[in-house]
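Structural features, examined
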Amino acid sequence: MFTLIATLLTAEPYIELREQARTLLQAECGSCHTRGLETAKPKALAVFDLTRSEFADGMTLEQLESAQWRLASDLKENEQPRAVSKAEQALFKRFAEAALLRRKR
Ligand code: HEC
C-alpha cells in the first residue's frame with residue numbers, strides 16, 4: 001500500500017522532469033539523437049533516441065554521467081560554443097537520478 005501511494009505521488013513529477021529533460025536535450029543534442037531527422041546518426045540513436053518515450057531507459061550509468069558532463073561542457077560535439085545554464089544542468093541531473101531510481105523499482 002505504501003509503495004502504491006509512493007508510486008502515485010512520484011509518477012507525475014517524474015514525467016514532468018522527463019519531458020523537461022527531453023526539451024533540453026532536443027535543443028542541445030537533438031540533431032544527432034532524434035530518429036527521423038536527416039542529421040541523425042545511427043550510433044547516436046543507439047545510445048538514446050529522443051523520439052522514444054523513455055529515451056533514457058537504455059543508457060548506462062556511465063552514459064548518463066557522460067551526458068551530464070557534455071551538457072556542462074562549453075563546447076558542443078561540433079566544437080561550437082555551448083552555454084547550458086546551471087539550472088538546466090541541475091534539471092538534467094535530477095532527471096538522471098530519477099530515471100535510475102525508477103529502474104530499481
Ligand atoms: C553532432 C552529433 C551529436 C550531437 C549534437 C550529440 N551527440 Fe551524442 N553521440 C553522437 C554519436 C555519433 C555518438 C556515438 C559515437 C560516440 O560514442 O561518439 C554519440 C554518443 C553519445 C553518448 C554515448 C557515449 C558516451 O559519451 O558515453 C552519450 C552519453 C551522448 N552521445 C550524449 C549526448 C548529449 C547529452 C548530447 C547533447 C548535450 C549529445 N550527445 C549531442 C553524436 C552526437
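Refer to the structure presented above.
Residues numbered from 1 in each chain as written. Predicted model: local features only at pLDDT ≥ 70, side-chain atom pairs only at ≥ 80, totals over all residues.

Side note on the packing of helix H3 (residues 61-72) against helix H4 (residues 86-104)
Between H3 and H4, whose axes approach to 10 Å, the crossing angle comes to 175°. Classified by the interaxial angle, the pair formed by H3 and H4 is roughly antiparallel. Along the contact surface, H3 presents Leu61, Leu64, Gln68, Leu71 and Ala72, while H4 presents Gln89, Phe92, Lys93, Ala96 and Leu100. Class assignment for the residues of the contact of H3 with H4 results in seven nonpolar, two polar and one charged. (Axes fitted to C-alpha atoms, helices over the stretch in contact; angles between N-to-C directions. Helix = DSSP H or I, 4+ residues; strand = E, 2+ residues; numbered from the N terminus. Parallel < 35°, antiparallel > 145°, perpendicular 65-115°, else oblique. Contact = placed C-beta atoms within 7 Å. Nonpolar A, V, L, I, M, F, W, Y, C, P; charged D, E, K, R; others polar.)

Looking at the site of the ligand
Around the ligand, the structure places 17 residues, and the nearest of them are Cys29, Cys32, Ala44, Ser66 and Ala67. Looking at the shell around the ligand, the elements with two or more residues in it are helix H1 (2-33), helix H2 (42-47) and H3. Here the element with the most residues in the shell around the ligand is H3; it accounts for six residues. In the shell around the ligand, the residues fall into six nonpolar, five polar and six charged. (Near = placed C-beta within 6 Å.)

As for the environment of Lys86
With respect to the helices, strands and loops of the structure, Lys86 is situated in helix H4. Accessibility expressed as a C-beta count within 10 Å gives 8 for Lys86, which makes it exposed. For the pair formed by Lys86 and Leu71, sequence separation is 15 residues and the distance between their alpha carbons is 9.7 Å. (Buried ≥ 20, exposed ≤ 12 C-beta atoms within 10 Å, placed from the backbone.)

A few points about H4
End to end, H4 covers 28 Å across 19 residues, agreeing with the expected 27 Å (1.5 Å per residue, within 8%). For H4, the complete set of buried residues consists of Phe92, Phe95 and Ala96. For H4, the arc enclosing every buried residue in end-on projection is 100°, short of the 170-degree limit, so these residues lie on one face. For H4, exposure combined with an orientation more than 90 degrees from the buried face picks out Lys86, Ala87, Ala90, Glu97, Leu101 and Lys104. (Expected span 1.5 Å × (residues − 1). Arc of directions from axis to C-beta.)

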